[in-house]
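# Secondary and tertiary structure notes
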Amino acid sequence: MPKGYFGEYLTLAFFAGMMLLLVAGTLGLNKLVSPKVHRDEKYLTYECGVDPVGGGWSQTQIRYYLFGLLFVVFDVEAVFLFPWAVVFDKLGTAAFVEMVIFIGILALGLAYAWRKKVLEWL
Amino acid sequence: MSMTFLADLVVILAKILIVFLVLSVLVIFIVWFERKVVAHMQSRLGPNRWGPFGLLTSVADGMKLMFKEPITPITADHVTFALAPGISMLAAFLAFASIPFGTSVLIFGHRATFEIADLNVGLLWVLAMGSLAVYGVVLAGWSSGSKYPLLGGIRSSAQMISYEIALSLSLIPVVMSAGSLSLRTIVHAQSGVIGSIGWLGPVGGVGKFIPHWYIFYHLPAFLIFLLAGVAETNRPPFDLAEADTELVGGYHTEYSGIKFAMFFLAEYLHVVTISALAVLLFLGGWNGVTPNLPVLGWIWPLLWFVAKVFFFVFLFVWLRATLPRLRYDKLMAVGWRVLIPAALTWLVVSGLAMAGSV
Amino acid sequence: MQQVVFGIVAALIVFAAVRLVTTRNLVHGALYLLAVLAGAAILFLLFLAEFVAWVQVLVYIGAVVVLLLFGLMLTRAPIGNMALDSQTRPLAAVVSLAIFGITSTIVWKTFKGQTVHFSKPNTVDTLGRAIFSQYVLPFEIVSVVLLAALVGAVVLARKEE
């Protein structure tokens, strides 16, 4: 096994492959050893023991989408924070001020969302 | 094919096998442990039939689920229905690939480190795999073709992504202190003691007995991490995903048999991951509070690590036994209006403090 | 060795991309998109850019596609084989071919005949230094762009008062 960068990632790929086999094996073994008895009622979806009412579909609210978008924005912020945190003590005050401006602008957005009451669920 | 190549391969295979076996046994044990502890906290006996103290109960449960018929609802999307628990389990196992759990050991002249892959960005890898967990939830909810799983799935995925932000942000101060994303380096940065604390004056010498763990520097970040971590694993009091009383069983309502067991396994693996992360990042990893006992070699650090992880596992169980479930609007409010601003504030404050001390 | 892996991964990406646009089921499409993005992450790994690779997983797979799925649940993405197809296929084909043409021409013109040597892995350290000393302005502009996206979302989702 080669060492260094590619060695570690080769090991990782190897591990991922084995875990994939494990998952597939678990499902496969279950298929092999489980009994199969066909009954139409068994394949209905849950509805407290009576026949399901309506379709299996219900439209979700736009709030979820909004939180998804907020998540993307702050995830990108977090991604920039990681390299900044690593070089933080080497670059000194300038980098710190840059990041404070960055966080400040995004905090402004969060404050705006807060003021517009979209962070409240009800 | 040289000898060293073969030896390396054997070491890696052994490591993967050990990690897999330990994790499986650990999950089986934690399921039993949780049931037993919660039972005793509620003045019950808990599982006591299979094996001594009911230790084999989880094994029996697992076997039973394996032999159950896989049922897929007629309205379900078949491929995605099977894919969802697979993704959950895979992501949960993969997260462990870069978690170091001890120093290193010399086997047959080979130095084997206690992790599968020592990545330079190990912390990022754990977070990335954690972010995949949301797919298990959202796909399970969608593919069931049923109302309750859909509602439960989208609800808990919104919860998970909200707390993921707080989780990432709470880790930044630790990275700032350690100056690295490698989990091994972060643990090494936490060895030793704090040393004399200047501003305490005459009693500053007490710092010579306090280990140099980041929890003593970043306590607010640690608390945010812990809260967000519990929410990430969908564990009580943040178990809105399941919320039996209002959503039947959440995203896995339609799941039974081994597929259900896979979700279950993933949940407990996440508990272990979050516990291990808390220990590595805030509690000094395998650094103990006592001097290293050279006689024990690598076993001593390993014992420290395991003991600390178990403390957090117990904390998870304790929370479940003690706290009622949050209301959904409160949950989102805590995530976005308390944890994220608090994490950002602490980040800037600790940045100021560190810039001042340089 | 790297080239072999690159070839395999690239072929898988192309396959997933074709399936992504041909599948009738929107959520399956999102899953194929996931495969495309994961393949891109592996390509980044091959180019010794591990930080970028895992950022790709964190942001694109962990956030953007989740947002996409939320969007699908918001609109009509019924389960099953219900055909949701628009009449704009030819137009879409023209647009995507044009984008492909433009980007590949740019890449071709820029890197024609060049061999890029990767000597050692790009560390987070070098990346951080580059962002926070050379590319400060683009970095700050990113925050403004993100702020614009955030405000836009709030305006869209806000209840009418």
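Please read all numbers here as calculations on a predicted model, not as lab measurements. Residue numbers here run from 1 along each chain, matching the order of that chain's written sequence. Chains and ligands are labelled by the order in which they are written, letters from A for the one and numbers from 1 for the other. Given that this is a predicted model, residues contribute local features only at a pLDDT of at least 70 and side-chain atom pairs are listed and counted only at 80 or more, while totals for whole chains, interfaces and linings are drawn from all residues.

### Considerations on the interface of chain B and chain A
Bring the parts together and some accessible area is lost; that lost area is often taken as the interface size. By the criterion used throughout, residues are in contact when their C-beta atoms, derived from the backbone, lie within 7 Å. Residue-level contacts link 64 residues of chain B with 52 residues of chain A. A run of H or I in DSSP becomes a helix once it reaches four residues, and a run of E becomes a strand once it reaches two; helices and strands are each numbered from the N terminus. Put simply, the parts of the chain that give the side of chain B that touches chain A at least two residues each are helix H1 (3-41), helix H3 (78-94), helix H5 (147-178), helix H9 (257-282) and helix H11 (328-357) of chain B. The element contributing the most residues to the side of chain B that touches chain A is H5(B), with 14 residues. Of the residues that constitute the side of chain B that touches chain A, the class distribution is 44 nonpolar, twelve polar and eight charged. Side-chain classes follow a simple rule in which Ala, Val, Leu, Ile, Met, Phe, Trp, Tyr, Cys and Pro form the nonpolar group, Asp, Glu, Lys and Arg form the charged group, and the remainder, Gly included, forms the polar group.

### Overview of the domain arrangement of chain A
One can read the domain layout of chain A as domain 1 (1-52) and domain 2 (59-122). The domain limits used here are those given by an automatic or database domain assignment. Once you take the C-alpha centre of each, domain 1 of chain A and domain 2 of chain A turn out to be 36 Å apart.

### A closer look at the confidence of the model for chain B
Residues and elements named next belong to chain B. Here chain B shows a mean pLDDT of 86. Residues at 70 or above account for 94%. Scored between 0 and 100, pLDDT is the confidence that the predictor attaches to each residue. Of all the helices and strands in chain B, helix H8 (residues 244-247) carries the lowest mean pLDDT, 65, while helix H7 (residues 219-232) carries the highest, 93. Per the prediction output, this complex has pTM 0.90; the corresponding ipTM is 0.88.

### With respect to the interface of chain A and chain C
Tallying the contact residues gives 39 residues for chain A and 40 residues for chain C. Within the residue set of the side of chain A that touches chain C, elements represented by two or more residues are helix H1 (4-33), helix H2 (62-91) and helix H3 (93-115) of chain A. Among the elements that make up the side of chain A that touches chain C, the one with the highest residue count is H2(A) (22 residues).

### What about unusual backbone geometry?
Residues and elements named next belong to chain B. The amide bond that connects Pro-236 to the next residue, Pro-237, takes the cis arrangement and shows omega of 0 degrees. By secondary structure assignment, the location of Pro-237 is in the loop between H7 and H8. The phi dihedral of Phe-53 is positive, around 55 degrees, even though this residue is not glycine. Tracing the chain through its elements places Phe-53 in the loop between H1 and helix H2 (57-66). Buried residues are those with 20 or more other C-beta atoms within 10 Å of their own C-beta, exposed residues have 12 or fewer, and partly exposed residues lie in between; C-beta atoms are placed from the backbone. On the basis of neighbour counts, which here come to 13 C-beta atoms within 10 Å, the residue Phe-53 falls in the partly exposed class.

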